[in-house]
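What the coordinates show
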Amino acid sequence: MTFDDLKKLATSTLLFSLDRIIAPRLITILYLLGLAAIVLWTISHLFATFAFGFGAGLWGLLEIAVFGLLGFVVLRIVCEALIVYFKANEGVATTASHPRPSVSLIDEVRDAIEELADDDYEAEPAPAPAKPRAAAKPAAAKTPATKTPARPRRTAKRTPPTKS
């Protein structure tokens, strides 16, 4: 965040409007302040422990290494957790602001049947090209008595019902 961003933040209506969430941007400032606090604690603890003597100063260096590193890790985890929380909240907010149109069960069933019909139509192989015949038979003629005439398969979209 630059100085211009801070100036824009302080002078605009952004602070007084609840349309946008500013906390994710402020987490960066929180992280930098936390790092500055760890550095200031390190310097003050170093001088304070060496003021008591050289042995206490060496012990203070060990404390700085352990607690400074621990403080840095905790600060990093807290800031990352806050960022993850606000990103998840942002995702939920966008989902909640764009609700699905209400669809009845009948509409859903109709859509499912139409999709199945489209899939079935696409899955059928293309018919083989017709061979020229010497004599054409009428379309309604039956084949031998054991077989019934072939009826086209019906789907919801493709063909109208045949009259029997």
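Worth saying up front: this structure is predicted, and the values here are computed from it rather than measured.

What to know about the overall build of the protein chain
Per the secondary structure count, the protein chain includes four helices and zero strands. The 164 residues of the protein chain split such that 12% are buried. Contacts in the protein chain between residues far apart in sequence, at least 24 positions, make up 54% of those at least 6 positions apart. Surface accessibility of the protein chain: about 14100 Å² in total, with carbon and sulfur atoms responsible for 68%.

What to know about the pattern of salt bridges
Tallied over the full model, the rule gives two salt bridges. The partner of arginine 76 in a salt bridge is glutamate 80, with the nearest N and O atoms 2.7 Å apart. Highlighted residues: arginine 76 and glutamate 80, both in helix H3 (residues 54–97), separated by four residues, approximately one helical turn. Glutamate 80 gets classed as partly exposed once you look at its relative accessible area, which sits at 39%. Across the pair arginine 110 and aspartate 107 runs a salt bridge whose closest N-O atoms are separated by 3.0 Å. Taken together, the positions of arginine 110 and aspartate 107, both in helix H4 (residues 105–123) and three residues apart, correspond to about one turn of that helix. Since its relative accessible area comes to 28%, aspartate 107 is described here as partly exposed.

Side note on helix H2 (residues 23–51)
Counted at 1.5 Å a residue, the expected span for H2 with its 29 residues is 42 Å, and the 41 Å between its end C-alpha atoms agrees. Those residues of H2 not exposed but buried are Ile27, Tyr31, Gly34, Ile38, His45 and Thr49. Phi turns positive, to about 140 degrees, at glycine 53, one or two residues after H2.

Reading guide: rules and limits
Residues numbered from 1 in each chain as written. Predicted model: local features only at pLDDT ≥ 70, side-chain atom pairs only at ≥ 80, totals over all residues. Heavy atoms only, no water. Helix = DSSP H or I, 4+ residues; strand = E, 2+ residues; numbered from the N terminus. Buried < 20%, exposed > 50% of the residue type's maximum accessible area, 1.4 Å probe, protein only. Contact = heavy atoms within 4.5 Å. Areas by Shrake-Rupley, 256 points an atom, 1.4 Å probe, with all protein chains shown as cover. Salt bridge = Lys/Arg side-chain N within 4 Å of Asp/Glu carboxyl O. Expected span 1.5 Å × (residues − 1).

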